[in-house]
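Topology and contacts: notes
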Amino acid sequence: MVSEELLEKLNDQMNFEFFSSHAYLALAAYCASESWEGFSNWFVRQAEEEQAHGMKIFNFINDLGKRATISGMESPKNDTHSVLEAFESAYAHEQEVTRRIYALSDIALNEREHATYQFLKWFIDEQVEEESTVDSIVQRLRRIGNDGNALFILDAELGKRGAAPAAQ
Ligand SMILES: [Fe+2]
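Below is a summary of the structure that appears in this document. Just so it is clear, the model here is predicted, and its values are computed rather than measured. (Residues numbered from 1 in each chain as written. Predicted model: local features only at pLDDT ≥ 70, side-chain atom pairs only at ≥ 80, totals over all residues. Heavy atoms only, no water.)

**Details of the coordination of the iron ion**
Within the protein, the iron ion binds to Glu17 (OE), Glu50 (OE) and His53 (ND1); these donor distances fall in the range 2.1 to 2.2 Å. Spacing between the donor residues of the iron ion along the chain follows E-x32-E-x2-H. On the criterion of helical spacing, the pair formed by Glu50 and His53 is a turn pair, its members being three residues apart in helix 2 (residues 37-63). With respect to burial, Glu50 and His53 carry one shared label: buried. (Donors = N, O, S within 2.8 Å, 3.2 Å for Na, K, Ca; no water. Helix = DSSP H or I, 4+ residues; strand = E, 2+ residues; numbered from the N terminus. Buried < 20%, exposed > 50% of the residue type's maximum accessible area, 1.4 Å probe, protein only.)

Take a look at the structure:
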């Protein structure tokens, strides 16, 4: 049986995933405005993935026989000034998501809510991948520095990121 507190925190996480989608769209908008089509594509795909994460929790709350509450959201960061800064904020954002998923998992474990913990396990694994992917892009961008040619190559590479398979 999921407690009110756990349900509320699950709901918060659902809304935070939707906010994440917004935050990534804002980063996509910056990259598109600078004609970095590949980087912009990567952030749009990431935004789609975050929307799917939110829906995963939305569906889980439904499966619990509870009702999700969709909240309003604050504006994401819209004042990015470089591709490196965009990916650095993405990395900081993913670290924050991980922190929140861990806090949520702690509550589920304390309540011995095994079904919810099992559900959250997917997100725990996902965060390892998310942080590693974004961190690696940040490292490459730092190495690239002001090398325009190398930046064009990375932009082309990230432009190949396709849509993720639909979340179950
Ligand atoms: Fe997510």
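**Structural notes on the environment of Gly159**
Within the fold, Gly159 resides in the segment after helix 5 (148-158). The sequence separation of Gly159 and Thr133 amounts to 26 residues, and the corresponding C-alpha distance is 15 Å.

**Concerning the pattern of salt bridges**
Following the criterion strictly, the structure yields 10 salt bridges and no others. Among the ionic pairs, Glu49 bridges to Arg161, the shortest N-O distance being 2.8 Å. On the criterion of sequence distance, the pair formed by Glu49 in helix 2 and Arg161 in the segment after helix 5 is long-range, its members being 112 residues apart. Since its relative accessible area comes to 17%, Glu49 is described here as buried. Measuring nitrogen to oxygen at the nearest pair gives 2.9 Å for the salt bridge that ties Arg99 to Glu96. You can see Arg99 and its partner Glu96 sitting in helix 3 (residues 83-110), three residues apart, about one turn around the helix. Classification of Glu96 as partly exposed rests on a relative accessible area of 24%. When salt bridges that share partners are traced, they join Lys77, Asp79 and Glu85 into one network. (Salt bridge = Lys/Arg side-chain N within 4 Å of Asp/Glu carboxyl O.)

**Concerning helix 4 (residues 114-144)**
In a regular helix each residue adds 1.5 Å, so 31 residues correspond to 45 Å; helix 4 covers 45 Å between its end C-alpha atoms and thus fits that length. Leu120 marks the point of greatest bend in helix 4, at about 25°. Directly beyond the C-terminal end of helix 4, a positive phi value near 55° is found at Gly145. (Expected span 1.5 Å × (residues − 1). Bend = angle between axes of the 7 residues up to and from the residue.)

**Focus: unusual backbone geometry**
Positive phi, close to 60°, is recorded for Ser35, a residue that is not glycine. Along the chain, Ser35 turns up in the loop between helix 1 (4-33) and helix 2. Even without being a glycine, Arg112 presents a positive backbone phi close to 55°. Checked against the element boundaries, Arg112 lands in the loop between helix 3 and helix 4.

**So, helix 5**
Listed in full, the buried residues belonging to helix 5 are Leu151, Leu154, Asp155 and Leu158. Seen from one end, helix 5 has its buried residues packed into an arc of 105°, which puts them on one side. Those residues of helix 5 that are exposed and angled more than 90 degrees off the buried face are Asn149, Phe152 and Ile153. At its buried positions, helix 5 is contacted by helix 2, helix 3 and helix 4. Near the N-terminus of helix 5, the side chain that reaches the backbone nitrogen of Asn149, with its oxygen 3.1 Å away, is that of Asp147. (Arc of directions from axis to C-beta. Contact = heavy atoms within 4.5 Å. Polar contact = N/O pair within 3.5 Å; in protein donor to acceptor, adjacent residues only side chain to side chain.)

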